[in-house]
Amino acid sequence: MTELYKEKYRPQFHFSPEEKWMNDPNGMVFFNDEYHLFYQYHPFGTTWGPMHWGHAVSKDLIHWEQLPIALYPDEHGAIFSGSAVVDWNNTSGFFDNQPGLVAIYTSAGTYPDSDRPRQRQSLAYSKDNGRTWVTYEGNPVLSDVNITDYRDPKVFWHDETNKWVMVLATGQSITIYTSPNLRDWEYGSEFENKAGLHGGVWECPDLFKLSVDGDENNQKWVMFLSLGDDPKTKEGSRTQYFIGDFNGTTFVNENPDETILWLDYGRDNYAGVSWSDIPSLDGRRIYLGWMSNWRYANQVPTQEWRSAMTLPRELSLTSSEDGIRLVQKPVSEIASIRKATEAYQNLTIESNNPSSFNMFSQLMEVNVEFEKLNASSFGIVIQGSETEKTIISYDVVKETLSVDRTNSGENSFSESFPAIQEASLKMENGRISLQIFIDASSIEVFANDGKVAVTSLLFPNHPYETITLFSNEGNTDVPLCTLTELDSIWSK
């Protein structure tokens, strides 16, 4: 496998398939000490095509083993997005005296004697840790003749009502169903379509509970949903979230309908959903996103493969002056690929007199803390040549963090790709902290301990050479800056 992962732009510590096209993460489930990652996969080309479920497993969320294709198109259609669960108590009747895996996915076909699209929900099950799958003879298990976009089921067990719950993308809304056995589904409610942002189709929902500020006695439900590419927006496809309450059939958003909460302020984190069945002793809610954007996903300048996933991220909720908000941090397992570190302490970056450091690796984690003295803006430049650079900056007056990739490398494949990606971010005690992960064709920025994330593809023509800290119209202190080399997950 090592030779396959040496192509130009090939991610070295993000999952990407050995070859061909990949998009949404699917069926993410933890079972028998393995994290399963299924994904939308086209095995016959490097652009979107007839969808299968690709499959990979990991012991640590960082190093992945690619397995054979799990689900193939059948008489009901292609295999669109969905989820997987452990049926611990054999509610489905598919298993004997031990638990097994059940995949719930969208069968995407057409109506008989017609080219009109039809999307229905189907099941498959595995008795051998996901290595082989049997499609349920009673497929499809859920359909609606009135809704064309009827897809992406995310299923979980709801202890309080002793039932399975499905959240399903249904055009411009999310419909909730319940079931005692995964085979027979009953309508619960519809999450009203006035909330959040609309335009592109709603896709890839998820619904789960998180503690607020680490207090298990104060928990809220979080709903993810991804907003498909809409020609009226400049960002393309992206993911929003809602915070509220859920009683087993109905989700109630606690924010005003017009409140828009973005999961990520970069252009390249879409269709993210969380792993199911992570043991309660672990207690983490971990999600993964597709690191691309429908505005240009089919055109990015890679050759033998297209697309990678984000780093897996642990989710939590925190209180802020604006209300309860989502926090995301790379999983702690990232420590397994950290190597040599260089540290710089107690620096003062003078106005128009930047400090530069040589990059001793193309794969790097950068942690830097800025303390405002009197500067109007400050930040970091990752540079490969005189003209090719990516700029991460903080505007003190506007209170915005930006990632500028307008001159980061190859971008001629789409007029939507060159972009300055911005997020509102307030200083904390006069400081801004940044955790930055640099891979061969991406950068992920986590600000103020994960309160803001900016995920962005980059396609540099020249190797990264320097990291520069800068300050404008005044000086900025840098109490600590560390540069850490990261190992390739494909090197062994």
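Provided above is the structure to which this section pertains.
This structure is a prediction, so every number in the text was calculated from the model and none was measured.

Calculation rules
- Residues numbered from 1 in each chain as written.
- Predicted model: local features only at pLDDT ≥ 70, side-chain atom pairs only at ≥ 80, totals over all residues.
- Heavy atoms only, no water.
- Helix = DSSP H or I, 4+ residues; strand = E, 2+ residues; numbered from the N terminus.
- Buried < 20%, exposed > 50% of the residue type's maximum accessible area, 1.4 Å probe, protein only.
- Contact = heavy atoms within 4.5 Å.
- Polar contact = N/O pair within 3.5 Å; in protein donor to acceptor, adjacent residues only side chain to side chain.
- 1 Å grid on protein atoms, 1.4 Å probe; cavity = no way out; pocket = protein on both sides within 12 Å on 5 of 7 lines; lining within 4 Å.
- Points joined across faces, edges and corners; volume = space filled by probe spheres on them.
- Nonpolar A, V, L, I, M, F, W, Y, C, P; charged D, E, K, R; others polar.
- Pairing = 2+ DSSP bridges.
- Core = buried A, V, L, I, M, F, W, Y, C linked by side-chain atoms within 4.5 Å.
- Axes fitted to C-alpha atoms, helices over the stretch in contact; angles between N-to-C directions.
- Phe/Tyr/Trp six-rings, centres within 6.5 Å; stacked < 30°, edge-to-face > 60°.
- Salt bridge = Lys/Arg side-chain N within 4 Å of Asp/Glu carboxyl O.

With respect to the environment of R284
Here's step 1: With respect to the element layout, R284 can be found in the loop between strand 17 (270-274) and strand 18 (285-290).
Here's step 2: Relative accessible area serves as the criterion here: at 15%, R284 is assigned to the buried category.
Here's step 3: If we ignore the near neighbours within four places in the chain, the residues touching R284 are Y35, L61, I278, E314, V331, S332 and E333.
Here's step 4: At 2.7 Å, the side chain of R284 and the side chain of E333 are in polar contact.

Regarding empty space enclosed by the protein
Here's step 1: If you walk through the whole model with that rule in mind, you get four cavities of 30 Å³ or more.
Here's step 2: Of the pockets and cavities examined, the largest cavity occupies roughly 100 Å³.
Here's step 3: Considering the residues around the largest cavity, the lining is formed by Y9, P11, M291, S292, V300, T302, W305, S307, A308, S441, L457 and F459.
Here's step 4: Counted by class, the lining of the largest cavity contains eight nonpolar, four polar and no charged residues.

A few points about the sheet that holds strand 4 (residues 65-71)
Here's step 1: Read across the sheet, five strands follow the order 4-3-2-1-19 without closing on themselves; strand pairing throughout is mixed. What marks the edges here is a single partner per strand, and that holds for strand 4 and strand 19 (305-306).
Here's step 2: In the sheet, strand 3 (residues 52-58) pairs with strand 4 via four bridges, with the strands oriented antiparallel. Bridge pairing in strand 4 links W53 to L71.

Some details on the layout of surface pockets
Here's step 1: Estimates place the volume of the largest pocket at around 1,200 Å³.
Here's step 2: The wall of the largest pocket is formed by 35 residues, among which D159, K209, I278, S280 and R285 lie closest to the centre.
Here's step 3: Elements supplying a minimum of two residues to the lining of the largest pocket: strand 5 (78-87), strand 9 (150-158), strand 13 (202-212), strand 14 (215-227) and strand 20 (313-320).
Here's step 4: It is strand 13 that contributes the most residues to the lining of the largest pocket, six residues altogether.
Here's step 5: Taken together, the residues of the lining of the largest pocket sort by class into 14 nonpolar, ten polar and eleven charged.
Here's step 6: Volume-wise, the second largest pocket comes out at about 660 Å³.
Here's step 7: Along its surface, the second largest pocket is lined by 29 residues, and D322, R325, S424, K451 and V452 are the ones closest to its centre.
Here's step 8: At the level of elements, strand 20, strand 21 (323-330), strand 28 (420-424) and strand 31 (452-457) are the ones that each hand at least two residues to the lining of the second largest pocket.
Here's step 9: Top contributing element to the lining of the second largest pocket by residue count: strand 21, with four residues.

Regarding the nonpolar core
In a soluble, globular protein the nonpolar side chains are often hidden away together inside.
Here's step 1: If you look at the biggest cluster of nonpolar residues, it comprises 41 residues, and the most contacted ones within it are F13, F15, L37, W64, W275 and M309.
Here's step 2: Of all elements in the fold, only strand 1 (20-31), strand 2 (34-42), strand 5, strand 17 and strand 18 reach the threshold of two or more residues within this core.
Here's step 3: In contact with F15, not counting residues within four places along its chain, are M22, L37, Y39, A56, W64, Q66, A308, M309 and W490.
Here's step 4: In this structure, V368, F370, V452 and V454 belong to the second largest nonpolar core, which totals 34 residues.

What about the sheet that holds strand 25 (residues 377-383)?
Here's step 1: Taken in spatial order, the six strands make up an open sheet running 23-32-25-26-27-28, and their pairing is antiparallel. Of all strands in the sheet, those with a lone pairing partner are strand 23 (355-358) and strand 28, marking the two edges. Ignoring which end each strand starts from, the neighbouring axes of this sheet average 15° apart.
Here's step 2: Pairing of strand 27 (residues 400-404) with strand 28 involves five bridges; the strand directions are antiparallel. The partner of L401 across the bridge, within strand 28, is A423.

So, the packing of aromatic side chains
Within a pair of aromatic rings, the relevant descriptors are the distance that separates the centres and the angle that separates the planes.
Here's step 1: Across all of its chains, the model carries 41 aromatic pairs by this definition.
Here's step 2: Summarising the aromatic geometry, the rings of W221 and F246 are spaced 5.1 Å apart at their centres and angled 65° between planes, so their arrangement reads as edge-to-face. A residue pair is termed long-range when its members are at least 10 positions apart, and W221 in strand 14 and F246 in strand 15 (residues 238-246) qualify at 25 residues. Take W221 and F246: they sit in the same class, and that class is buried.
Here's step 3: Ring centres 6.2 Å apart and planes at 80° place the aromatic pair F437 and F446 in the edge-to-face group.

A look at the pattern of salt bridges
Here's step 1: What the rule picks out here adds up to 22 salt bridges.
Here's step 2: K339 serves as the salt-bridge partner of E485, at 3.7 Å between the closest nitrogen and oxygen. Placement of the pair is E485 in strand 33 (residues 476-486) and K339 in strand 22 (residues 338-349), with a sequence separation of 146 residues.
Here's step 3: A relative accessible area of 44% places K339 in the partly exposed class.
Here's step 4: Here the salt bridges share partners, and the residues they tie into one network are D149, R151, D152 and E203.

Regarding the environment of R10
Here's step 1: Within the secondary structure layout, R10 lies in the segment before strand 1.
Here's step 2: Residue classification places R10 among the buried residues on the basis of a relative accessible area of 1%.
Here's step 3: Distance from R10 to G236, taken between C-alpha atoms, is 23 Å for residues 226 residues apart in sequence.
Here's step 4: Not counting residues within four places of it along the chain, the set of residues in contact with R10 comprises L4, Y5, S16, P17, E18, W305 and A440.
Here's step 5: Looking at R10, its side chain comes within polar contact range of the side chain of E7, at 2.9 Å.

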